[in-house]
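# Geometric and topological summary
Below are the chains, spelled out letter by letter.
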Amino acid sequence: MYTKFDLGSEDEQRIVYVRKVNVFDLPEDMQEQAEGAKSLYAVHSADGERLAVVKERDLAFLLARQNNFDPVTVH
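Residues numbered from 1 in each chain as written. Predicted model: local features only at pLDDT ≥ 70, side-chain atom pairs only at ≥ 80, totals over all residues. Heavy atoms only, no water.

This part covers the side chain of H44. With respect to the secondary-structure elements, H44 resides in strand β2 (residues 39–44). A relative accessible area of 11% places H44 in the buried class. At a separation of 3.2 Å, a polar atom in the side chain of H44 contacts the main-chain carbonyl oxygen of G48. Ignoring anything within four residues of it in the chain, the contact list for H44 reads V16, Y17, R19, E49, R50 and L51. (Helix = DSSP H or I, 4+ residues; strand = E, 2+ residues; numbered from the N terminus. Buried < 20%, exposed > 50% of the residue type's maximum accessible area, 1.4 Å probe, protein only. Polar contact = N/O pair within 3.5 Å; in protein donor to acceptor, adjacent residues only side chain to side chain. Contact = heavy atoms within 4.5 Å.)

Core analysis: the biggest nonpolar cluster contains nine residues, these being V16, V18, Y41, V43, A52, V54, A60, F61 and A64. Contributions of two or more residues to this core are made by β1 (15–22), β2, β3 (50–54) and α2 (57–66). Not counting the four nearest positions on each side in its chain, F61 is found in contact with V18, P71, V72 and T73. Formed by six residues, the second largest nonpolar core is a distinct cluster that contains V21, V23, L26 and L40. (Core = buried A, V, L, I, M, F, W, Y, C linked by side-chain atoms within 4.5 Å.)

Attention now goes to the sheet that holds β1. The strands that make up a sheet are held in pairs by hydrogen bonds between backbone atoms, and each pair lies either parallel or antiparallel. Strands sit in the order β3-β2-β1-β4 across an open sheet of four strands; the sheet is mixed. Strand pairing shows two members of the sheet lacking a second neighbour, β3 and β4 (70–73), which therefore form its edges. Each adjacent strand pair in this sheet contributes to an overall mean axis angle of 30 degrees, direction not counted. The sheet contact formed by β2 and β3 spans four bridges and is antiparallel. From the neighbouring strand, Y41 faces β3, where its bridge partner is V54. (Pairing = 2+ DSSP bridges. Axes fitted to C-alpha atoms, helices over the stretch in contact; angles between N-to-C directions.)

Now for the side chain of S45. Of note, S45 is situated in the loop between β2 and β3. The residues contacting S45, other than those within four sequence positions of it, are V16, Y17 and L51.

On to α2. Those residues of α2 lying buried are A60, F61 and A64. The buried residues of α2 occupy an angular sector of 95 degrees when the element is viewed end-on, so they sit on one face. Among the exposed residues of α2, those oriented more than 90 degrees off its buried face are D58 and Q66. Packed against the buried residues of α2 are β1, β2, β3 and β4. In the stretch just after α2, N68 is the one whose phi turns positive, near 60 degrees. (Arc of directions from axis to C-beta.)

Encoded structure:
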């Protein structure tokens with residue numbers, strides 16, 4: 001069965017991707033601010049731009065939702 005469905009334009013899809021990052025893979029100035037954490041959570045736009053880095057996964061999702069984005073986990 002073929003059903004046509006309008007997904008809307010890319011501008012309407014406000015998806016961001018949340019992934020765990022190793023602190024040692026971040027720039028040195030960000031490593032210094034990690035306060036001993038070994039990993040953090042990055043929020044990325046659909047085109048891969050890093051929008052934010054936070055300490056906890058739940059905080060990354062909360063931040064995304066507060067800014068009207070739909071967060072999705074990426075491994």
